[in-house]
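Fold and geometry: a report
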Amino acid sequence: MQGRGAETKKDSEVKISIKDREGFQKAFQEAQRKIYQKTNYLDTSTISCQWYDIKGMYVEYDGTVWMCCWTGDMHRTHNQSITTEWKNIENKFGKHFNNLNYHSFNDILNHEFFVSYLDKTFNSTRSDADTPRLNTCAKTCIWNKTFV
């Protein structure tokens with residue numbers, strides 16, 4: 001009587017794609033669902049900005065004026081998504097629209113960025129072509145957030 005091993009072919013190669021495995025498929029679908037939920041959450045949750053509510057301002061070391069330190073990081077960070085946000089704002093308003101070395105504090109506070117643009121971004125999505133929701137605000141100041 002031969003053992004069970006004699007029935008197999010030792011030299012044959014068994015190819016099973018990881019993508020074909022049921023466990024992988026379930027994990028992949030769950031990951032896609034979570035990505036969709038997070039994206040939807042960041043685009044639809046209420047932004048609760050404490051600086052906006054108290055009408056506070058943040059002045060960066062280079063003279064730029066922002067709503068808070070989180071938005072102040074947009075123009076000097078190496079994070080690709082934040083750099084893209086800053087490029088969009090810079091393209092819309094110019095490089096020095098909020099810089100005290102170029103404008104008075106009063107002129108900056110009366111600039112469209114602070115007067116109306118930020119209000120619109122709080123109520124839009126991050127994919128909005130005209131006034132995209134700032135990813136920085138969505139990730140940092142959404143109401144009842146459960147992740148960062």
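Residues numbered from 1 in each chain as written. Predicted model: local features only at pLDDT ≥ 70, side-chain atom pairs only at ≥ 80, totals over all residues. Heavy atoms only, no water.

It is worth spelling out the environment of tyrosine 52 at this point. Residue position: tyrosine 52 is located in helix α2 (residues 50-53). The exposure class assigned to tyrosine 52 is partly exposed, which follows from its relative accessible area of 29%. Through-space distance from the C-alpha of tyrosine 52 to that of methionine 67 is 6.7 Å; in sequence the pair is 15 residues apart. (Helix = DSSP H or I, 4+ residues; strand = E, 2+ residues; numbered from the N terminus. Buried < 20%, exposed > 50% of the residue type's maximum accessible area, 1.4 Å probe, protein only.)

A word on the nonpolar core. Judged by nonpolar contacts, the single largest core of 22 residues is most densely connected at Ile47, Ile89, Phe113 and Phe114. Listed by contribution, the elements that provide at least two residues to this core are β2 (65-66), α4 (80-93), α6 (112-122) and α7 (135-141). Broken down by element, this core gets its largest block of residues, five residues, from α6. Contacts of isoleucine 89, omitting those with residues within four sequence positions, involve Met74, Gly94, Phe97, Phe113, Tyr117 and Leu134. (Core = buried A, V, L, I, M, F, W, Y, C linked by side-chain atoms within 4.5 Å. Contact = heavy atoms within 4.5 Å.)

Below, the discussion takes up the pattern of salt bridges. Opposite charge on two side chains permits them to pair, given that their charged atoms come into close proximity. Applying the stated criterion across every chain, the model contains two salt bridges. The residue aspartate 43 makes a salt bridge to arginine 126 at a minimum N-O spacing of 2.9 Å. Of this pair, aspartate 43 sits in helix α1 (residues 22-44) while arginine 126 sits in the loop between α6 and α7, and the two are 83 residues apart along the sequence. Judged by relative accessible area, which is 15%, aspartate 43 ranks as buried. Using a relative accessible area of 27% as the deciding quantity, one classes arginine 126 as partly exposed. (Salt bridge = Lys/Arg side-chain N within 4 Å of Asp/Glu carboxyl O.)

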